[in-house]
Amino acid sequence: MSRLSISPKPQKKPENPCFSSGPCAKRPGWNINVLQNALVGRSHRSKEGRARLHDVIHRSAEILDVPEGWKLGIVPASDTGAVEMVLWALLGSRPVDVLSYDSFSAEWVTDVVEQLKLPNTNIIHAEYGELPNLDEIQWDNDVVMVWNGTTSGVKIPNGDFIPDHHDGLVICDATSAVFSMDLPWSKLDVVTWSWQKVLGGEAAHGMLALSPRAVKRLEETEQLRPLPKIFRVLKQGKLNEKIFEGDTINTPSMLCVEDALDGLRWAQSVGGLAGLKRLSENNLRIVSQWVAKTAWIEFLAKDEKYRSHTSICLKIVDPWFVALDNKSQKTVLSKLTGLLAEEQVAYDIASYRDAPLGLRLWGGATVTAASMEALLPWLDWAFAMVKADG
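It should be emphasised that the depicted structure is a prediction, and the values quoted were computed from it without experimental measurement. (Residues numbered from 1 in each chain as written. Predicted model: local features only at pLDDT ≥ 70, side-chain atom pairs only at ≥ 80, totals over all residues. Heavy atoms only, no water.)

(A) Just the packing of helix H1 (residues 47-64) against helix H5 (residues 254-269), in detail. Where H1 contacts H5, the axes come no closer than 10 Å and their chain directions differ by 30 degrees. Where H1 crosses over H5, the handedness of that crossing is left-handed. For the pair formed by H1 and H5, the contact residues are Gly49, Arg52, Leu53, Asp55, Val56, Arg59, Ser60, Glu62 and Ile63 on the first element and Met254, Val257, Glu258, Ala260, Leu261, Leu264, Arg265, Ala267 and Gln268 on the second. Split into classes, the residues belonging to the contact of H1 with H5 amount to 9 nonpolar, 3 polar and 6 charged. (Axes fitted to C-alpha atoms, helices over the stretch in contact; angles between N-to-C directions. Helix = DSSP H or I, 4+ residues; strand = E, 2+ residues; numbered from the N terminus. Left-handed = near helix turned anticlockwise from the far one by under 90°. Contact = heavy atoms within 4.5 Å. Nonpolar A, V, L, I, M, F, W, Y, C, P; charged D, E, K, R; others polar.)

What follows is the structure, given as structure tokens:
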């Protein structure tokens, strides 16, 4: 195929070319002026600073319908910090089951097996695009899972597989699921996320939600290892309640706090969790219709029931591309994504560095349907261009 035979460039471009899976697109209509009242130059421990941090906690809990009695706080180092804080503080008194089916869940395996070196650890693994066998989970054990595979495009569809009563704790990394998917809060014990995903916030701040069972474990179990300051949620053997009222362990960015509040207000304006889910699910519907009629691309997630509507992962199945060696495939993908970035159509849509080669489109609620619809003809155009170059 020569470039002369390729259709001309699509005329319409996405309203926002940001399709990264983290940090993600800002909400529609966002501009820098939303930060004009940020408490820059002020202490986060001032009355006003604490009030804004508390507002982030309160609005988050309200939108997500976090159960009464749970503790929700802002912690350092994004979702990674929130997860590792819990792994280091909670694990070790029971055997541990870890679900592994994407890059980040594999990191929690590394933490548990290679860093904490916990005995009696059961790894329940699945390849990219598949969900682990949930029937293998032993609910007497502590369980570590991600709800949505950010780098695999596979989600846990519901909480039916979790028994209502289980002796172990269920620790759930939900960073690309919260504000977009229903979580079975009554069956979970720890839930973590960051601001940079579904609401398009900025990086470096994590959120940690603890059930009463998790708090009880923290307070009643002897500390098994030394903890750095940013991992300590106990004070004199009791939960440090102030952390969960807005008195953070270390210094947060008040610019990021202001931006998080803007995202939460926007979430409330579109109907809260139900509205956010509809927007995200519609993005997956748009992509699904395109994939169904497009021969060169398929979803990485094989089963439609498990297909994520936030991190939409795709693989190129065109015979010409499949026949290339790995190095040549990487070159093609680099050219394809480079063309789209050069045209200011799509940024940061290559698959995650540890995932199978392909494309990854963020479909969270801050990406408008109009932008997603406008992007897809450009993907066809860019693929045709790189294929014509051979």
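(B) Summary view of the packing of helix H6 (residues 272-292) against helix H9 (residues 369-388). Relative to each other, H6 and H9 sit at 25 degrees, their axes nearing to 9 Å. Between H6 and H9, the angle is such that the two are roughly parallel. Crossing angle aside, the handedness with which H6 passes H9 is right-handed. Residue-level contacts link Asn282, Asn283, Ile286, Val287 and Trp290 of H6 to Ala369, Met372, Glu373, Leu376, Leu379 and Asp380 of H9. (Parallel < 35°, antiparallel > 145°, perpendicular 65-115°, else oblique.)

(C) Focus on the sheet that holds strand S3 (residues 121-125). Across the sheet, 7 strands lie side by side as S1-S9-S8-S7-S4-S2-S3; this open sheet has mixed pairing. The strands lining the two open edges of the sheet, one partner per strand, are strand S1 (71-76) and S3. Here the average twist between neighbouring strands, direction ignored, is 15 degrees. Two strands pair when backbone bridges link them, and strand S8 (residues 190-194) and strand S9 (residues 205-210) are joined in this way by 5 bridges, in the antiparallel orientation. Its bridge partner lying in S9, Thr192 is registered against Leu208. Across the face of the sheet, helix H3 (residues 103-115) comes into contact with strand S2 (96-100), S3, strand S4 (142-146) and strand S7 (170-173) while running at roughly 150 degrees to S2. (Pairing = 2+ DSSP bridges.)

(D) Region of interest: the pairing of S8. Counting buried positions over the 5 residues of S8 gives 5, a clear majority of the element. Residues Val190, Thr192 and Ser194 line one face of S8 and the alternating positions Val191 and Trp193 line the opposite face, and both faces are buried. Note: S7 against S8, 3 bridges, orientation parallel. Bridge pairing links Cys172 to Val191 in S8. (Buried < 20%, exposed > 50% of the residue type's maximum accessible area, 1.4 Å probe, protein only.)

(E) Quick peek at empty space enclosed by the protein. Taken as a whole, this structure holds 3 cavities of 30 Å³ or more when the rule is applied. The calculated volume of the largest cavity comes to roughly 120 Å³. Lining the largest cavity are 16 residues, and of these Phe179, Ser194, Trp195, Leu199 and Leu264 lie nearest its centre. Elements that contribute at least two residues to the lining of the largest cavity include exactly H1, S8 and H5. Classifying every residue of the lining of the largest cavity gives 9 nonpolar, 5 polar and 2 charged. (1 Å grid on protein atoms, 1.4 Å probe; cavity = no way out; pocket = protein on both sides within 12 Å on 5 of 7 lines; lining within 4 Å. Points joined across faces, edges and corners; volume = space filled by probe spheres on them.)

(F) Molecular detail of the sheet that holds strand S12 (residues 297-299). Across the sheet, 3 strands lie side by side as S12-S13-S14; this open sheet has antiparallel pairing. With partners counted over all chains shown, the strands left at the sheet margins are S12 and strand S14 (359-362), one partner each. Geometrically, the sheet is characterised by an average inter-axis angle of 35 degrees between neighbouring strands, direction not taken into account. Bridge analysis of S12 against strand S13 (residues 311-316) gives 3 bridges, and the strand direction is antiparallel. If you follow Ile297 over to S13, its bridge partner there is Ile316. Packed on one face of the sheet, H6 meets S12, S13 and S14 and runs near 135 degrees to S12.

(G) Region of interest: the environment of Ser105. Within the secondary structure, Ser105 sits in helix H3. Its relative accessible area of 0% is what places Ser105 among the buried residues. In this structure Ser105 touches Val98, Leu99, Ser100 and Val146, once residues within four positions along its chain are discounted.

(H) Quick peek at the pattern of salt bridges. In total, this model carries 19 salt bridges according to the counting rule given. Of the charged contacts in the structure, one is a salt bridge between Lys71 and Glu241, with a shortest N-O distance of 3.0 Å. Placement of Lys71 in strand S1 and of Glu241 in the loop between strand S11 (238-239) and H5 is noted, with a sequence separation of 170 residues between them. Lys71 gets classed as partly exposed once you look at its relative accessible area, which sits at 26%. (Salt bridge = Lys/Arg side-chain N within 4 Å of Asp/Glu carboxyl O.)

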